[in-house]
Amino acid sequence: FCRRTMRKEDIMANMLALNVERVLATCSEELEPEEKDAILELAYLAIAADGKLMEAELEAFSDAMLLIYGDAVTPEQVKNLVGKLVANFENGEDEDMETFTAQLKRPCAKSQAYKLAYAMAMSDLDTNDSEFEFDQKLRRQLGLSDEEAEALTDEVVDAIGYKE
């Protein structure tokens, strides 16, 4: 997780809501169903990494699900799935990152997973050591170099309109 200096006030001035579509707009390849599932599972793990689920994170995650699954899912189904994930989180049921990163073979799917996870972690405007550790582990699991991860991070920051 890039340790950028970001003041909440600056981010709020530039980002009223995370624009998931802009974050994911750079992949021209169609994602396979198992890639979509893995990308969303990793995004969920990113928002849960700090040990709390904030409303902004859940809203951004719901938006991501609707965008990635498209017509294959309804807003009601998304609401139900998010409710199930929150219940699992509250019950301490932990998912394994390696299970999901192993499903991502293509570079485009890996970059989409990393960018969405990074954006989800930023969506509550509060980063911490747990999210940093999650980010570092995700980079390793996806096989991203520091340079590749930083370039993807820059794409996310550009997509949300944050200005340093």
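What comes next is a walk through the structure.

1. A few points about the overall build of the protein
- Scanning the protein for helices and strands turns up nine helices and zero strands.
- Mapped in sequence order, the helices and strands of the protein form the string α-α-α-α-α-α-α-α-α.
- Here the protein holds 164 residues, and the buried ones make up 46% of them.
- Contacts in the protein between residues far apart in sequence, at least 24 positions, make up 84% of those at least 6 positions apart.
- In the structure as shown, the protein presents an accessible area of about 8,600 Å², 48% of it carried by carbon and sulfur atoms.

2. Regarding the pattern of salt bridges
- Enumeration according to the criterion identifies eight salt bridges in this entry.
- Lys36 is paired through a salt bridge with Glu30; the nearest N and O atoms lie 3.6 Å apart.
- A salt bridge links Arg139 to Asp135, with the nearest nitrogen and oxygen atoms 3.0 Å apart. Here Arg139 and its partner Asp135 are both found in helix α8 (residues 129-142), four residues apart, which amounts to about one turn of the helix.
- Overall, the relative accessible area of 4% leaves Arg139 in the buried class.

3. Description of helix α4 (residues 55-69)
- Between its first and last C-alpha atoms α4 spans 21 Å; for 15 residues at 1.5 Å apiece the expected length is 21 Å, and the two agree.
- Of the positions making up α4, those classed as buried are Glu57, Leu58, Ala60, Phe61, Ser62, Ala64, Met65 and Ile68.
- Note on α4: the residue one or two positions beyond its end, Gly70, has a positive phi of about 60 degrees.

4. Description of the environment of Leu53
- With respect to the helices, strands and loops of the structure, Leu53 is situated in the loop between α3 (33-48) and α4.
- Note on Leu53: relative accessible area 19%, which makes it buried.
- For the pair Leu53 and Glu90, spaced 37 residues apart in sequence, the C-alpha to C-alpha distance is 9.4 Å.

5. Looking at the packing of α3 against α8
- For the pair α3 and α8, interaxial distance at closest approach is 9 Å and the crossing angle is 150 degrees. One element, α3, and the other, α8, form an angle in the roughly antiparallel class. On α8, the residues that touch Leu42, Leu45 and Ala46 of α3 are Glu131, Phe134 and Leu138.
- Class assignment of the residues belonging to the contact of α3 with α8 gives a composition of five nonpolar, no polar and one charged.

Reading the values: the criteria
- Residues numbered from 1 in each chain as written.
- Predicted model: local features only at pLDDT ≥ 70, side-chain atom pairs only at ≥ 80, totals over all residues.
- Heavy atoms only, no water.
- Helix = DSSP H or I, 4+ residues; strand = E, 2+ residues; numbered from the N terminus.
- Buried < 20%, exposed > 50% of the residue type's maximum accessible area, 1.4 Å probe, protein only.
- Contact = heavy atoms within 4.5 Å.
- Areas by Shrake-Rupley, 256 points an atom, 1.4 Å probe, with all protein chains shown as cover.
- Salt bridge = Lys/Arg side-chain N within 4 Å of Asp/Glu carboxyl O.
- Expected span 1.5 Å × (residues − 1).
- Axes fitted to C-alpha atoms, helices over the stretch in contact; angles between N-to-C directions.
- Parallel < 35°, antiparallel > 145°, perpendicular 65-115°, else oblique.
- Nonpolar A, V, L, I, M, F, W, Y, C, P; charged D, E, K, R; others polar.

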